[in-house]
Amino acid sequence: MGQGDDQRVAGDDGTPPPDEIAAGNAEQAEAWNGDDGRYWVQHREKQEARYRWLTPRLMAAAGIRADSRVLDIGCGSGGTSLEAARAAAAGSVLGVDVSAPMLAEARKQAAGSGLPQVTFERGDAQVHRFEDGAFDVAISRFGVMFFADPEAAFGNIARALRPGGQLAFLCWRSLRDNAYLTVPMGAIAPYVQLPELEVPGAPGPFSLADADRIKKLLDGAGFDEITIGAVDKPLWMGTDPDDVVAYQLGMPGSRAMLAEASAEARAKTVTALRDALAEYQGPDGVTLGSAAWLVTARRR
(Lines give C-alpha, C1' and ligand atoms only; values in the text may rest on other atoms or scores of the structure.)
Protein backbone atom coordinates (compact mmCIF):
# COMPACT_ATOMS: atom_id res chain seq x y z
CA MET A 1 0.00 0.00 0.00
CA GLY A 2 1.42 3.39 -0.97
CA GLN A 3 1.27 6.67 0.91
CA GLY A 4 -2.24 8.11 1.01
CA ASP A 5 -3.98 4.91 -0.13
CA ASP A 6 -5.77 4.35 3.20
CA GLN A 7 -8.96 6.37 2.82
CA ARG A 8 -9.96 5.69 6.43
CA VAL A 9 -7.69 8.49 7.58
CA ALA A 10 -8.53 10.99 4.87
CA GLY A 11 -11.40 12.84 6.53
CA ASP A 12 -11.32 15.56 9.18
CA ASP A 13 -14.64 14.80 10.85
CA GLY A 14 -13.61 13.70 14.30
CA THR A 15 -11.51 11.07 16.04
CA PRO A 16 -9.69 8.72 13.65
CA PRO A 17 -11.21 5.26 13.14
CA PRO A 18 -10.49 2.85 16.01
CA ASP A 19 -8.13 0.66 13.97
CA GLU A 20 -5.98 3.73 13.21
CA ILE A 21 -5.42 4.36 16.92
CA ALA A 22 -3.23 1.97 18.89
CA ALA A 23 -4.51 0.49 22.12
CA GLY A 24 -3.61 2.93 24.88
CA ASN A 25 -3.40 5.96 22.60
CA ALA A 26 -7.14 6.68 22.48
CA GLU A 27 -7.00 9.28 25.26
CA GLN A 28 -4.35 11.26 23.40
CA ALA A 29 -6.37 11.07 20.18
CA GLU A 30 -9.50 12.28 21.95
CA ALA A 31 -7.69 15.27 23.46
CA TRP A 32 -6.04 16.37 20.21
CA ASN A 33 -9.29 15.99 18.28
CA GLY A 34 -11.08 18.10 20.89
CA ASP A 35 -10.38 21.29 22.79
CA ASP A 36 -6.62 20.80 22.97
CA GLY A 37 -6.25 20.49 19.21
CA ARG A 38 -8.52 23.45 18.52
CA TYR A 39 -6.64 25.60 21.03
CA TRP A 40 -3.29 24.85 19.39
CA VAL A 41 -4.77 25.72 15.99
CA GLN A 42 -6.04 29.02 17.38
CA HIS A 43 -2.54 29.79 18.66
CA ARG A 44 -0.52 28.23 15.83
CA GLU A 45 1.67 31.29 15.30
CA LYS A 46 2.53 31.48 18.99
CA GLN A 47 3.47 27.80 19.01
CA GLU A 48 5.80 28.22 16.05
CA ALA A 49 7.38 31.32 17.61
CA ARG A 50 7.85 29.40 20.85
CA TYR A 51 10.22 26.96 19.15
CA ARG A 52 12.11 29.53 17.09
CA TRP A 53 15.46 28.51 18.62
CA LEU A 54 14.79 24.75 18.56
CA THR A 55 13.30 24.06 15.13
CA PRO A 56 16.50 25.06 13.25
CA ARG A 57 18.49 22.56 15.34
CA LEU A 58 16.11 19.76 14.38
CA MET A 59 16.20 20.64 10.69
CA ALA A 60 19.98 20.83 10.63
CA ALA A 61 20.23 17.40 12.27
CA ALA A 62 17.74 15.84 9.84
CA GLY A 63 20.01 16.36 6.85
CA ILE A 64 17.12 16.79 4.40
CA ARG A 65 18.25 16.91 0.76
CA ALA A 66 16.45 18.48 -2.18
CA ASP A 67 15.12 15.07 -3.29
CA SER A 68 14.44 13.58 0.17
CA ARG A 69 11.22 11.78 1.00
CA VAL A 70 10.40 12.99 4.51
CA LEU A 71 8.03 11.68 7.18
CA ASP A 72 7.00 14.17 9.90
CA ILE A 73 5.69 12.33 12.96
CA GLY A 74 3.18 14.20 15.11
CA CYS A 75 3.25 17.08 12.65
CA GLY A 76 0.47 19.07 14.34
CA SER A 77 -0.45 22.18 12.39
CA GLY A 78 2.34 21.55 9.91
CA GLY A 79 5.09 23.97 10.89
CA THR A 80 7.89 21.42 10.71
CA SER A 81 6.38 19.78 7.63
CA LEU A 82 6.50 23.08 5.77
CA GLU A 83 10.10 23.64 6.89
CA ALA A 84 10.98 20.19 5.61
CA ALA A 85 9.21 20.84 2.31
CA ARG A 86 11.26 23.98 1.76
CA ALA A 87 14.39 21.86 2.06
CA ALA A 88 12.99 18.97 -0.01
CA ALA A 89 12.06 21.13 -2.98
CA ALA A 90 12.25 18.21 -5.43
CA GLY A 91 11.20 15.56 -2.93
CA SER A 92 8.12 14.93 -0.82
CA VAL A 93 6.93 15.40 2.76
CA LEU A 94 4.18 13.48 4.54
CA GLY A 95 2.95 14.86 7.85
CA VAL A 96 1.06 12.44 10.10
CA ASP A 97 -0.90 13.30 13.22
CA VAL A 98 -3.95 12.07 15.14
CA SER A 99 -5.51 15.56 15.32
CA ALA A 100 -8.08 16.37 12.67
CA PRO A 101 -8.33 20.09 13.58
CA MET A 102 -4.58 20.54 13.45
CA LEU A 103 -4.27 18.70 10.15
CA ALA A 104 -6.97 20.89 8.64
CA GLU A 105 -4.88 23.90 9.63
CA ALA A 106 -1.74 22.25 8.24
CA ARG A 107 -3.41 21.72 4.89
CA LYS A 108 -4.58 25.33 4.91
CA GLN A 109 -1.05 26.56 5.59
CA ALA A 110 0.41 24.30 2.92
CA ALA A 111 -2.09 25.48 0.33
CA GLY A 112 -1.03 29.07 0.92
CA SER A 113 2.69 28.32 0.91
CA GLY A 114 3.17 27.11 -2.65
CA LEU A 115 4.59 23.78 -1.48
CA PRO A 116 2.69 21.05 -3.38
CA GLN A 117 5.21 18.39 -2.31
CA VAL A 118 3.82 18.34 1.25
CA THR A 119 0.73 16.28 2.11
CA PHE A 120 -0.92 15.22 5.34
CA GLU A 121 -2.63 12.10 6.65
CA ARG A 122 -4.52 11.46 9.84
CA GLY A 123 -3.25 8.45 11.73
CA ASP A 124 -1.31 7.09 14.68
CA ALA A 125 2.37 6.59 13.79
CA GLN A 126 2.51 3.65 16.21
CA VAL A 127 0.29 1.55 13.94
CA HIS A 128 -0.14 3.51 10.69
CA ARG A 129 0.53 1.28 7.70
CA PHE A 130 3.37 3.11 6.02
CA GLU A 131 4.88 1.55 2.94
CA ASP A 132 8.09 -0.25 3.86
CA GLY A 133 11.17 1.85 3.08
CA ALA A 134 9.08 4.71 1.70
CA PHE A 135 11.06 7.52 3.38
CA ASP A 136 14.63 8.75 3.48
CA VAL A 137 14.19 10.90 6.60
CA ALA A 138 11.82 10.86 9.58
CA ILE A 139 11.56 13.88 11.86
CA SER A 140 9.57 14.85 14.92
CA ARG A 141 9.44 17.96 17.06
CA PHE A 142 8.19 16.78 20.45
CA GLY A 143 5.79 14.28 18.88
CA VAL A 144 7.26 10.92 19.93
CA MET A 145 6.80 10.97 23.71
CA PHE A 146 3.12 10.01 23.79
CA PHE A 147 3.10 6.46 22.41
CA ALA A 148 1.56 3.84 24.69
CA ASP A 149 3.95 1.29 23.18
CA PRO A 150 7.13 3.14 22.14
CA GLU A 151 8.85 -0.12 21.17
CA ALA A 152 6.15 -0.80 18.57
CA ALA A 153 6.08 2.85 17.49
CA PHE A 154 9.78 3.17 16.80
CA GLY A 155 9.73 -0.22 15.11
CA ASN A 156 6.98 1.00 12.80
CA ILE A 157 8.90 4.20 12.06
CA ALA A 158 12.04 2.18 11.32
CA ARG A 159 10.16 0.03 8.81
CA ALA A 160 8.92 3.18 7.08
CA LEU A 161 12.51 4.29 6.50
CA ARG A 162 14.77 2.83 3.82
CA PRO A 163 17.92 1.11 5.07
CA GLY A 164 20.32 3.91 6.03
CA GLY A 165 17.45 6.36 6.40
CA GLN A 166 17.83 9.13 8.96
CA LEU A 167 15.74 9.69 12.09
CA ALA A 168 15.93 13.02 13.91
CA PHE A 169 13.70 14.14 16.75
CA LEU A 170 13.45 16.46 19.72
CA CYS A 171 12.05 15.30 23.05
CA TRP A 172 12.05 16.85 26.50
CA ARG A 173 14.53 16.05 29.23
CA SER A 174 13.25 15.93 32.82
CA LEU A 175 10.58 18.26 34.16
CA ARG A 176 12.94 19.73 36.77
CA ASP A 177 15.29 20.89 33.98
CA ASN A 178 12.58 22.78 32.09
CA ALA A 179 12.05 26.22 33.53
CA TYR A 180 9.32 26.94 30.99
CA LEU A 181 7.16 24.68 33.16
CA THR A 182 8.75 24.78 36.61
CA VAL A 183 8.59 28.59 36.86
CA PRO A 184 4.84 28.94 36.15
CA MET A 185 3.95 25.75 38.01
CA GLY A 186 5.95 26.82 41.04
CA ALA A 187 4.22 30.19 41.08
CA ILE A 188 0.69 28.79 41.06
CA ALA A 189 1.25 25.62 43.11
CA PRO A 190 0.06 27.19 46.41
CA TYR A 191 -3.35 28.00 44.92
CA VAL A 192 -4.42 25.16 42.59
CA GLN A 193 -4.03 21.41 42.18
CA LEU A 194 -1.36 20.89 39.54
CA PRO A 195 -1.57 18.07 36.98
CA GLU A 196 0.89 15.18 37.14
CA LEU A 197 3.17 15.65 34.13
CA GLU A 198 5.96 13.19 34.90
CA VAL A 199 4.69 9.66 35.48
CA PRO A 200 7.45 7.00 35.27
CA GLY A 201 6.82 4.50 32.49
CA ALA A 202 3.71 6.27 31.21
CA PRO A 203 3.21 8.22 27.97
CA GLY A 204 3.65 11.94 28.45
CA PRO A 205 5.89 14.89 27.69
CA PHE A 206 8.78 13.50 29.76
CA SER A 207 8.52 9.80 28.91
CA LEU A 208 11.83 9.96 26.98
CA ALA A 209 13.77 12.01 29.53
CA ASP A 210 16.12 9.07 30.16
CA ALA A 211 18.78 8.97 27.44
CA ASP A 212 19.56 5.32 28.19
CA ARG A 213 15.94 4.43 27.55
CA ILE A 214 15.99 6.25 24.21
CA LYS A 215 19.09 4.35 23.14
CA LYS A 216 17.59 1.02 24.16
CA LEU A 217 14.34 1.75 22.33
CA LEU A 218 16.05 2.80 19.12
CA ASP A 219 18.54 -0.07 19.15
CA GLY A 220 15.69 -2.55 19.64
CA ALA A 221 13.71 -0.95 16.82
CA GLY A 222 16.51 -1.43 14.31
CA PHE A 223 18.50 1.80 14.48
CA ASP A 224 22.21 2.36 14.87
CA GLU A 225 24.58 5.38 14.81
CA ILE A 226 22.46 6.70 17.68
CA THR A 227 23.43 10.11 19.01
CA ILE A 228 21.69 11.86 21.90
CA GLY A 229 22.74 15.43 22.61
CA ALA A 230 21.51 17.95 25.14
CA VAL A 231 19.98 21.13 23.73
CA ASP A 232 19.36 24.00 26.14
CA LYS A 233 17.51 26.87 24.49
CA PRO A 234 15.07 29.54 25.64
CA LEU A 235 11.42 29.19 24.75
CA TRP A 236 9.60 32.33 23.70
CA MET A 237 6.50 32.41 25.86
CA GLY A 238 4.79 35.62 24.72
CA THR A 239 5.15 39.35 24.22
CA ASP A 240 4.70 40.26 27.89
CA PRO A 241 3.47 38.67 31.15
CA ASP A 242 -0.19 39.45 30.45
CA ASP A 243 0.07 37.78 27.04
CA VAL A 244 1.62 34.67 28.58
CA VAL A 245 -0.91 34.53 31.42
CA ALA A 246 -3.81 34.73 28.97
CA TYR A 247 -2.36 31.94 26.85
CA GLN A 248 -1.33 29.65 29.71
CA LEU A 249 -4.56 29.97 31.68
CA GLY A 250 -6.66 29.76 28.52
CA MET A 251 -5.50 26.23 27.80
CA PRO A 252 -8.27 23.63 28.21
CA GLY A 253 -6.39 21.88 31.02
CA SER A 254 -5.76 25.15 32.83
CA ARG A 255 -9.40 26.17 32.53
CA ALA A 256 -10.47 22.86 34.06
CA MET A 257 -7.90 23.27 36.83
CA LEU A 258 -9.10 26.79 37.67
CA ALA A 259 -12.74 25.73 37.59
CA GLU A 260 -12.09 23.56 40.64
CA ALA A 261 -10.51 26.44 42.60
CA SER A 262 -12.22 29.16 44.60
CA ALA A 263 -12.59 32.68 43.23
CA GLU A 264 -9.92 33.86 45.66
CA ALA A 265 -7.51 31.12 44.57
CA ARG A 266 -8.12 31.93 40.91
CA ALA A 267 -7.32 35.59 41.49
CA LYS A 268 -4.16 34.73 43.39
CA THR A 269 -3.14 32.32 40.64
CA VAL A 270 -3.32 35.06 38.02
CA THR A 271 -1.38 37.51 40.14
CA ALA A 272 1.30 35.00 41.13
CA LEU A 273 1.81 33.85 37.56
CA ARG A 274 2.05 37.39 36.21
CA ASP A 275 4.55 38.39 38.90
CA ALA A 276 6.73 35.32 38.27
CA LEU A 277 6.81 35.89 34.52
CA ALA A 278 7.66 39.57 34.88
CA GLU A 279 11.14 38.55 36.01
CA TYR A 280 11.76 36.98 32.59
CA GLN A 281 10.64 39.90 30.44
CA GLY A 282 13.26 40.95 27.92
CA PRO A 283 13.45 43.04 24.76
CA ASP A 284 12.05 40.13 22.71
CA GLY A 285 9.29 39.26 25.15
CA VAL A 286 9.09 36.68 27.92
CA THR A 287 11.50 33.76 27.57
CA LEU A 288 12.08 30.77 29.85
CA GLY A 289 14.65 28.03 29.65
CA SER A 290 14.06 24.62 28.13
CA ALA A 291 16.02 21.38 28.15
CA ALA A 292 15.62 18.87 25.34
CA TRP A 293 17.36 15.91 23.76
CA LEU A 294 18.21 16.10 20.07
CA VAL A 295 18.31 12.50 18.89
CA THR A 296 19.57 11.17 15.58
CA ALA A 297 19.89 7.61 14.33
CA ARG A 298 20.02 5.57 11.12
CA ARG A 299 17.99 2.56 10.18
CA ARG A 300 20.15 -0.52 9.89
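Criteria and thresholds
Residues numbered from 1 in each chain as written. Predicted model: local features only at pLDDT ≥ 70, side-chain atom pairs only at ≥ 80, totals over all residues. Heavy atoms only, no water. Axes fitted to C-alpha atoms, helices over the stretch in contact; angles between N-to-C directions. Helix = DSSP H or I, 4+ residues; strand = E, 2+ residues; numbered from the N terminus. Left-handed = near helix turned anticlockwise from the far one by under 90°. Contact = heavy atoms within 4.5 Å. Nonpolar A, V, L, I, M, F, W, Y, C, P; charged D, E, K, R; others polar. Buried < 20%, exposed > 50% of the residue type's maximum accessible area, 1.4 Å probe, protein only. Lys, Arg positive; Asp, Glu negative; His and termini not counted. Salt bridge = Lys/Arg side-chain N within 4 Å of Asp/Glu carboxyl O. Polar contact = N/O pair within 3.5 Å; in protein donor to acceptor, adjacent residues only side chain to side chain.

### Description of the packing of helix α8 (residues 179–188) against helix α12 (residues 263–278)
Okay, step 1: In the contact formed by α8 and α12, the axes pass within 8 Å of each other and the chain directions differ by 140 degrees. The handedness of the crossing between α8 and α12 comes out as right-handed. For the pair α8 and α12, contact is made by Val183, Pro184, Ala187 and Ile188 and by Thr269, Ala272, Leu273 and Ala276, respectively.
Okay, step 2: For the contact of α8 with α12, a count of residues per class yields seven nonpolar, one polar and no charged.

### Points about the side chain of Asp72
Okay, step 1: Of note, Asp72 is situated in strand β1 (residues 69–73).
Okay, step 2: For the buried residue Asp72, which engages in no salt bridge, the nearest side chain bearing the opposite charge is Arg141, 7.6 Å off.
Okay, step 3: At a separation of 2.7 Å, a polar atom in the side chain of Asp72 contacts the side chain of Ser81.
Okay, step 4: Aside from chain neighbours lying at most four places away, what touches Asp72 is Thr80, Ser81, Leu94, Gly95, Val96, Ile139 and Ser140.

### Examining the environment of Tyr247
Okay, step 1: Mapped onto the elements of the fold, Tyr247 is located in helix α10 (residues 241–250).
Okay, step 2: Given the relative accessible area of 4%, Tyr247 is considered buried.
Okay, step 3: When the C-alpha atoms of Tyr247 and Ala230 are compared, they prove to be 28 Å apart, with 17 residues separating the residues in sequence.
Okay, step 4: Apart from the residues lying within four places of it in its own chain, the contact partners of Tyr247 are Tyr39, His43, Lys46 and Gln47.

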